[in-house]
Structures are given as C-alpha cells and as structure tokens.
Amino acid sequence: MTPELVVDNVTKTYPNGVRALKGVSLRIPAGMFGLLGPNGAGKSTLMRTIATLQEPDGGSIEFGDIDVLKQKDAVRRVLGYLPQEFGLYPKVSALELLDHFAVLKGLVDKRQRAEIVNSVLHRTNLWAVRRQRLGTFSGGMKQRFGIAQALLGSPRLMIVDEPTAGLDPAERLRFHNMLSEIGENVVVILSTHIVEDVSDLCSRMAIIASGRVLLSGDPQSAINTLRGRIWKKFVARDELASYERDLAVISTHLVAGRTAVHVMAPSRPDPSFEEVPADLEDVYFSTLHAADQKAA
Ligand code: ADP
C-alpha cells in the first residue's frame, strides 16, 4: 500500500523577505493530485521542499514512516522528480543518458539496468528514438524523457512541476495519457497553473495562492458547490469595468472575438445573464477572486 504524503504547516521565507509558504497543510493520497495556482503561488517552493532540494523554516512532511525533512536519502530512493526546467546533454542519445542516470540511481547490474531502461523507454514511447541525440528532441519528447528519467527506480512518489507549458496540443495529450498510466499506486503531484491539466487528470486537487492553500478536495465536489451560481453574458469591452465594479466577475474569456464574463451570484443578476454549468475553471477563479476580496 502506498502511504499518503502528509504536509503539515510548512512555512518558508526566502532571505529577500518573500514569504513563499505561509503554513501549508495537505494530505495527498495515491493517484494524481493537482496543485493548481498562479505564478508565484509557492508551488515550486513546495515541490522542491518535498523533493528534498531545499529546507523549509518550519512544519513537517511525512510519507508513510519516512520523515521527509530528516530522512532525505530514504525519500530519494522512492522519489521521481521532473523539475520545471532541466538541462539535457544535447549530443548524447536518450538511451545513453538514461543508462547513465540509472547508474547514478544505484542500478549497477548491467542486465537489470538494461531491462529497466528499456522498459521506461517503452512506457514513455521513446523506444523508436532511443538512439537519437537529445538535442534533436521536440518539447514533448524532452518532457517524456524527463518522465522516463523520473521513472527509473520505480518511484512511489512522483513530482511533476509545470509539465505542459510550451507543449502543442497533441504533445500535451500524449503527455497526459502517459501520466495517467503511471499507476494508481504512486503518489503523483502535478503542479500547474493550467486548470485543464487538473480537470483532465486529477482525482484530487488543491488551489494554492500567495503561499496559502485556499481549497483542497476532489474537483467534482468543488464544482458541485457552485451549481446554480455561475452566470454568463457577452459584454462590450468598454462595459467590462462597470460589471467588475458591481458584480463578482470571476473570469472573462474571448469567444470568437467577443468578451464573455462569468459572474458568481446566488441568483440571476439580471435577465440578460444565462445560467451556465460550473466547471473547474469557475472553481479556480472564484476561489482566487474570494481570496483577493478578503485581502483587499
Ligand atoms: P510558483 O512555482 O507557484 O510560481 P515559486 O515557489 O516559484 O511559485 O515562488 C513563490 C514566491 O517565492 C515568488 O514570489 C517567488 O518570486 C519567490 N521565490 C522563489 N524562489 C526564490 C528564491 N530562491 N529566492 C527568493 N525568492 C524566491
């Protein structure tokens, strides 16, 4: 049984005074967990802390009987980490670099290592291009290579930081399919600012902004709480400011060149609004909106 990852009251202030984590607590069970938040929310800080790459100021993190902040070697044995940005040696092949990483992971037996490397190349659909230089890889292939290296050593805790930025839609879909196949017995934390990544993939999620968890749970229950409260209207661009002043405008979209606003209200603001079914984007923006109102 894969244990839960339990993050309790984790705080971090950088030397420049930025309070990146202001008491973050989360319970993350096996399966895909989406950590959703705008840029600067503290996601990478939390991911790097869980990945034992930096120290928090306070709080605790446990993964089963592993004390993540103290037993770093034990964490690293079960961890697969795909950082936001990673360098690749452009002149070596996928096969060579994976083999090298596998040696670093302690896989010294040549036959066993070849078996594992071949298996992750197949799982990430890179088998056909394994002898190609990494410098020739597309963005999507590089991301899949990132997952391949994270899968060496059969991790039980996978951290994937902002993975789909810069991928085209087809690559993104392929990447999603791969992540969702990684297995039910692994805690996979997907950190992202893209709502669709979470709605497509994650059975559990949290929204984080300004170093605080604003909401956590399962996406569908969060959506259900907004039922009958999201109203849509097309507005002229110069009317937008007055709507924003008078109503809780949680998002604006361009739809075929016209501006559609989503408003949160207990009842129809006026007959020109139509009710729309809430989705995760409404959850996300209404949660951020409420936090902004509170801060103002
Ligand atoms: P996210 O991943 O959600 O974009 P980060 O964890 O990268 O958020 O950043 C959270 C806040 O901490 C931001 O205000 C960022 O500028 C700041 N920050 C991140 N890393 C450092 C650092 N090494 N030194 C100082 N401030 C940092």
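What counts, and where the lines are drawn
- Each chain has its residues counted from 1, running along the sequence as written.
- Note on the predicted model: pLDDT of at least 70 is required for a residue's local features to be given, and 80 or more for side-chain atom pairs to be given and counted; whole-chain, interface and lining totals, by contrast, use all residues.
- Hydrogens and water are ignored here; the side-chain numbers use all heavy atoms of the structure.
- Segmentation into domains, and thus their bounds, comes from an automatic or database assignment.
- In what follows, a contact means two residues having at least one pair of non-hydrogen atoms within 4.5 Å.
- Salt bridges are identified by distance alone: a Lys or Arg side-chain nitrogen within 4 Å of an Asp or Glu carboxyl oxygen.
- We call two N or O atoms a polar contact when they sit within 3.5 Å, provided that within protein one can donate a hydrogen and the other can accept it, with sequence-adjacent residues counted only if both atoms are side-chain atoms.
- What counts as a ring pair is set by centres within 6.5 Å for rings of Phe, Tyr and Trp (its six-membered ring), and what kind of pair is set by the plane angle: stacked under 30 degrees, edge-to-face over 60, tilted for all other angles.
- The numbering of helices and of strands both runs from the N terminus, where a helix is a DSSP run of H or I of at least 4 residues and a strand a run of E of at least 2.
- For every residue, the accessible area obtained with a 1.4 Å probe (protein chains only) is divided by the maximum for its type, and the residue is called buried under 20%, exposed over 50%, and partly exposed between those limits.
- We call a residue near a molecule or strand when any one of its heavy atoms sits within 4 Å of it.
- Surface accessibility in these figures is a Shrake-Rupley result with a 1.4 Å probe; residues are shielded only by whichever protein chains are displayed.
- Classification used: nonpolar for Ala, Val, Leu, Ile, Met, Phe, Trp, Tyr, Cys and Pro, charged for Asp, Glu, Lys and Arg, polar for all others including Gly.
- By the convention used here, strands pair only if DSSP detects at least 2 bridges between them.
- Angular values range over 0 to 180 degrees, each being the angle between N-to-C directions of two axes fitted as lines to C-alpha atoms, with helices fitted over their stretch in contact.
- In these notes the angle categories are as follows: under 35 degrees is roughly parallel, over 145 is roughly antiparallel, 65 to 115 is roughly perpendicular, and the rest is oblique.
- Throughout, a crossing is termed right-handed when the near helix is turned clockwise from the far one, and left-handed when it is turned anticlockwise from it by less than a right angle.

Asker: Lay out the domain arrangement of the chain in plain terms, naming residues and giving numbers.
Answerer: Under the domain assignment used here, the chain contains domain 1 (5-223) and domain 2 (224-295). For domain 1 versus domain 2, the separation of C-alpha centres amounts to 33 Å. The partner domain 2 presents 13 residues to the 16 residues of domain 1 that form the contact. Linking domain 1 with domain 2 are zero salt bridges, by the criterion used here. Seen at the junction of domain 1 and domain 2, the total is seven residue pairs in polar contact (both at pLDDT 80 or more).

Asker: Talk me through the packing of aromatic side chains; I want residue IDs and the actual numbers.
Answerer: Counted under the stated rule, the structure contains two aromatic pairs. When the centroid spacing of 6.1 Å and the interplanar angle of 75° are considered together, the rings of Tyr243 and Phe273 count as edge-to-face. Taken together, the residues span a long stretch of sequence, with Tyr243 in helix H9 (residues 240-246) and Phe273 in the loop between strand E13 (258-264) and strand E14 (274-275) at a distance of 30 residues. Its relative accessible area of 13% is what places Tyr243 among the buried residues. Residue classification places Phe273 among the buried positions, given a relative accessible area of 1%. For the ring pair Tyr284 and Phe285, a centre distance of 5.2 Å and an interplane angle of 50° mean the geometry is tilted. Given the relative accessible area of 4%, Tyr284 is considered buried. For Phe285, a relative accessible area of 27% gives the class partly exposed.

Asker: Outline the site of the ligand, listing residues and values.
Answerer: Neighbouring the ligand are 13 residues; Gly40, Gly42, Lys43, Ser44 and Thr45 lie closest to it. In the model, a nitrogen atom of the ligand is placed 3.4 Å from a nitrogen or oxygen of the Asn16 side chain. Within the side chain of Thr45, an N or O atom sits 2.5 Å from an oxygen atom of the ligand. Relative to its unbound accessible area of 560 Å², the ligand is 65% covered by the protein chains. Counting residues per element, the shell around the ligand draws most heavily on helix H1 (residues 43-50), which supplies four residues. Considering only residue class, the shell around the ligand consists of five nonpolar, six polar and two charged.

Asker: Tell me what's going on with the environment of Arg111, and back it up with residues and numbers.
Answerer: Here Arg111 lies in helix H4 (residues 110-123). Residues Arg111 and Arg123, 12 residues apart in the sequence, show an inter-C-alpha distance of 18 Å.

Asker: An account of the sheet that holds E14 is requested, with residue identities and associated values reported.
Answerer: Strand pairing in a sheet is mediated by backbone hydrogen bonds. Such pairs are either parallel or antiparallel. Taken in spatial order, the four strands line up as E12-E13-E11-E14 in an open sheet, and their pairing is antiparallel. With partners counted over all chains shown, the strands left at the sheet margins are strand E12 (249-255) and E14, one partner each. In this structure, E12 lies alongside E13, joined through six bridges in antiparallel fashion. When the bridges of E13 are listed, His253 appears paired with Ala260. Helix H10 (residues 280-295) rests against strand E11 (230-235), E12 and E13 of the sheet, and its axis sits at about 135° to E12.

Asker: Could you give me a rundown of the packing of helix H5 (residues 139-151) against helix H6 (residues 169-180), with the residues and numbers involved?
Answerer: Closest axis-to-axis distance for the H5/H6 pair is 9 Å, and the angle between their directions is 15°. Here H5 is positioned roughly parallel relative to H6, judged by the angle of their axes. Judged by the sense of rotation from one axis to the other, the crossing of H5 with H6 is right-handed. Contact residues: Gly139, Gly140, Met141, Gln143, Arg144 and Ile147 in H5; Glu171, Arg174, Phe175, Met178 and Leu179 in H6. Residues of the contact of H5 with H6, tallied by class, amount to five nonpolar, three polar and three charged.

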